[in-house]
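Structural characterization, general
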Amino acid sequence: MTEITLSPRLRAAAELVRNGAFVADVGTDHAYLPIALCLSGKIRGAVASDINKGPIERAIENIEKYGLGDKISTVHTDGLRGIEPFSPEDVLILGMGGELIASILEDAPWVKNERIRLILQPMTLEYKLREYLYKNGYEVRNEEIAIEGPKVYTIICASW
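Heads up: these notes are all about the structure in this document. This one's a predicted model, so the numbers in the text were calculated from it and none came from an experiment. (Residues numbered from 1 in each chain as written. Predicted model: local features only at pLDDT ≥ 70, side-chain atom pairs only at ≥ 80, totals over all residues. Heavy atoms only, no water.)

1. A look at the nonpolar core
- Grouped together as the largest cluster of nonpolar side chains are 31 residues, with contacts concentrated most on Leu33, Ile35, Ile72, Leu92 and Ile119.
- Every element with two or more residues in this core is listed here: helix H1 (8–15), helix H2 (32–40), strand E2 (45–50), helix H3 (53–65), strand E4 (90–96) and strand E7 (151–159).
- Among the elements that line this core, the one with the most residues is H2, at five residues.
- When residues no more than four places from it in sequence are discounted, the contact partners of leucine 92 are Ala13, Val17, Val23, Ala24, Asp25, Val26, Leu33 and Ile119.
- If you look at the next biggest cluster of nonpolar residues, it comprises 26 residues, including Val47, Leu118, Leu129 and Ile156. (Core = buried A, V, L, I, M, F, W, Y, C linked by side-chain atoms within 4.5 Å. Buried < 20%, exposed > 50% of the residue type's maximum accessible area, 1.4 Å probe, protein only. Helix = DSSP H or I, 4+ residues; strand = E, 2+ residues; numbered from the N terminus. Contact = heavy atoms within 4.5 Å.)

As structure tokens, then:
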């Protein structure tokens, strides 16, 4: 298998990932995004994390299915805890509420680094996330919009 089809929302986030980056995908669920990025050759590797065990088990199955065990690691963790040793350059936090994303960032002061790019997709309370970013020295560098059915999603690219 050499390809995985991403939803419009995940595709829009993937477009913001830098070529050759090592990625952290927080709340990975099935690990579709890091798998697609690895298969396309856009990234050199990834760590996929989730707070729940079930999504990590599904991620592991998919990573093995696509033969990417040497490129994608998994971590069963809350937010970005334990992710710093992987030294990700692009951090993806997608499909959560804006307040939760802000809380995850607040708990990981190591992401306050100009070399790290944050790719964030809040499902709710986008203004709370934007407020957090502004008050904590982050700058919005780019934004993408994705449409899936009747829903419109904003993907925010920011750095410190």
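Still to come is the rest of the account.
2. Examining the packing of helix H4 (residues 98–106) against helix H5 (residues 126–135)
- H5 packs onto H4 with a crossing angle of 25° between their chain directions and a minimal axis gap of 7 Å. In this view, H4 runs roughly parallel relative to H5, as classed from their interaxial angle. In the crossing of H4 with H5, the sense of the turn from one axis to the other is right-handed. Side by side, H4 and H5 meet where Gly98, Glu99, Ile101, Ala102, Leu105 and Glu106 of the first sit next to Lys128, Leu129, Tyr132 and Leu133 of the second.
- Residue classes in the contact of H4 with H5 are distributed as six nonpolar, one polar and three charged. (Axes fitted to C-alpha atoms, helices over the stretch in contact; angles between N-to-C directions. Parallel < 35°, antiparallel > 145°, perpendicular 65-115°, else oblique. Left-handed = near helix turned anticlockwise from the far one by under 90°. Nonpolar A, V, L, I, M, F, W, Y, C, P; charged D, E, K, R; others polar.)

3. A closer look at the packing of aromatic side chains
- Enumeration according to the criterion identifies one aromatic pair in this entry.
- Between tyrosine 132 and tyrosine 138, the ring centres sit 6.3 Å apart and the planes meet at 35°, which makes this aromatic pair tilted.
- Its relative accessible area of 11% is what places tyrosine 132 among the buried residues.
- The exposure class assigned to tyrosine 138 is buried, which follows from its relative accessible area of 7%. (Phe/Tyr/Trp six-rings, centres within 6.5 Å; stacked < 30°, edge-to-face > 60°.)

4. A word on the environment of isoleucine 43
- Within the element layout of this structure, isoleucine 43 appears in the loop between H2 and E2.
- The exposure class of isoleucine 43 is buried, given its relative accessible area of 5%.
- Spatially, the C-alpha atom of isoleucine 43 lies 8.1 Å from that of valine 17, the residues being 26 residues apart in sequence.
- Setting aside anything within four residues of it in sequence, one finds isoleucine 43 in contact with Val17, Arg18, Gly20, Ala21, Val23, Pro34, Leu37 and Cys38.

5. Quick notes on the pattern of salt bridges
- The full count for this structure, using the stated rule, is nine salt bridges.
- With a shortest N-O distance of 3.0 Å, aspartate 78 and arginine 81 are connected by a salt bridge.
- With a relative accessible area of 45%, arginine 81 lands in the partly exposed category.
- Arginine 130 is the salt-bridge partner of glutamate 143, the closest N and O atoms lying 2.5 Å from each other. Pair noted here: glutamate 143 is in strand E6 (residues 139–148) and arginine 130 is in helix H5, with a separation of 13 residues, a long-range link.
- Three or more residues joined by partner-sharing salt bridges are found here, namely Asp78, Arg81 and Asp107. (Salt bridge = Lys/Arg side-chain N within 4 Å of Asp/Glu carboxyl O.)

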